[in-house]
Structure formats: structure tokens, C-alpha cells
Amino acid sequence: MTAAVDICARVRRLVQTMAPQPPADLADEHRLVEDLGFDSLRLMELTVVLERAFELPRQRPEDLVGVRRVGEVIALVAGAARGNDHG
């Protein structure tokens, strides 16, 4: 459980740090583009930073299509990190 909490906190911190319009209190419901001001280039940069920070394999664009909110980013990273633990 501690590892999952750590992943959530680290992802939130990275998203908030990289957000062009970071809120004072980041919530899972915040939308990356509409609420936090990410554009396509900044989203690509966020993907690379998360891959490196969590030692994840490169994400395929089709895996990222439905990822629009902070909570979805956390779920994607946590799922990929769990996959890495077993590989």
C-alpha cells in the first residue's frame, strides 16, 4: 500500500510542477488541458518525465488517448509500474 501512495504523491508532484497553470491544491478530477493548461508538447514532456521517473517502458500514443485527468495519469503510471515489478 505504501508503494501505491508513494506513486500517487510523486505523480501529483510532477504533474503540478510541470503544469503551466498549477492549482494550489491538485485534485484527481483536474483536467490536464482545460484546468492545468497543458498543450500537446507539454503533455509529451510530461510523458517522458513520468517514464523516466518511474523507469517505465515508452508509452504508445494509443494508450494515452483517453488520459485526460490527473487521476487517470496516476492510474496509468501505477498500472505500468506494477507491470514493471512483474517483468
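Here the structure is a predicted model, which means the values were calculated and not measured. Here the residue numbers are simple positions, counted from 1 along each chain's written sequence. Residues qualify for local features only when their pLDDT is at least 70, as the model is predicted, and side-chain atom pairs are given and counted only at 80 or more; totals for whole chains, interfaces and linings, by contrast, use all residues. Computation of side-chain values covers all heavy atoms of the structure but excludes hydrogens and water.

> It is not clear to me how the overall build of the chain should be interpreted in this structure. Could you clarify?
Secondary structure counts use DSSP, requiring at least four H or I residues in a row for a helix and at least two E residues in a row for a strand, with both numbered from the N terminus. A count of helical and extended segments in the chain gives 4 helices and 0 strands. Helices and strands appear in the chain in the N-to-C order α-α-α-α. Each principal axis of the C-alpha atoms in the chain carries an extent, and together these give about 35 × 30 × 20 Å. Classification of residues uses two cut-offs on accessible area relative to the type maximum, computed with a 1.4 Å probe and protein chains only: under 20% is buried, over 50% is exposed, and between them is partly exposed. Expressed as a percentage of its 87 residues, the buried residues of the chain come to 28%. Residue contacts are defined here by distance: any two heavy atoms, one from each residue, within 4.5 Å place the two residues in contact. Taking as baseline every contact in the chain between residues at least 6 positions apart, the subset at least 24 positions apart corresponds to 53%. For the area figures, the Shrake-Rupley method with a 1.4 Å probe applies, and any residue is considered shielded solely by the protein chains shown. For the chain, the accessible surface area stands at approximately 5,700 Å², while carbon and sulfur atoms represent 54% of it. For this count, His and the chain ends are skipped, Lys and Arg are scored as positive, and Asp and Glu as negative. Think of each charge as sitting on NZ of Lys, CZ of Arg, CG of Asp or CD of Glu. In the chain, 11 positive and 14 negative side-chain charges are present, and the distance between their average locations comes to 1 Å.

> Looking at this structure, I do not really get the environment of V33. What am I missing?
Tracing the chain through its elements places V33 in the loop between α1 (2–18) and α2 (40–53). For V33, a relative accessible area of 45% puts it in the partly exposed group. Here the alpha-carbon distance between V33 and I74, two residues 41 residues apart in the chain, equals 16 Å.

> I keep staring at the layout of surface pockets and nothing clicks. Help me out?
Sizing a probe to match a water molecule and rolling it over the atoms shows the empty space that remains. Grid points spaced at 1 Å over the protein atoms alone were grouped into cavities, where a 1.4 Å probe fits but cannot get out, and pockets, open sets with protein on both sides within 12 Å along at least five of seven lines, with lining residues defined by an atom within 4 Å of a point. Grid points are joined across faces, edges and corners, and a volume is the space filled by probe spheres set on the points. Its volume calculated, the largest pocket comes out at about 580 Å³. Lining the largest pocket are 22 residues, and of these L43, M44, T47, L64 and V67 lie nearest its centre. Counting residues per element, the ones that place at least two in the lining of the largest pocket are α2, α3 (61–64) and α4 (70–86). Top element by residues in the lining of the largest pocket is α2. It accounts for 8 residues. Classifying every residue of the lining of the largest pocket by side-chain character gives 15 nonpolar, 3 polar and 4 charged. Three categories are distinguished: nonpolar for Ala, Val, Leu, Ile, Met, Phe, Trp, Tyr, Cys and Pro, charged for Asp, Glu, Lys and Arg, and polar for the others, with Gly belonging to the last.

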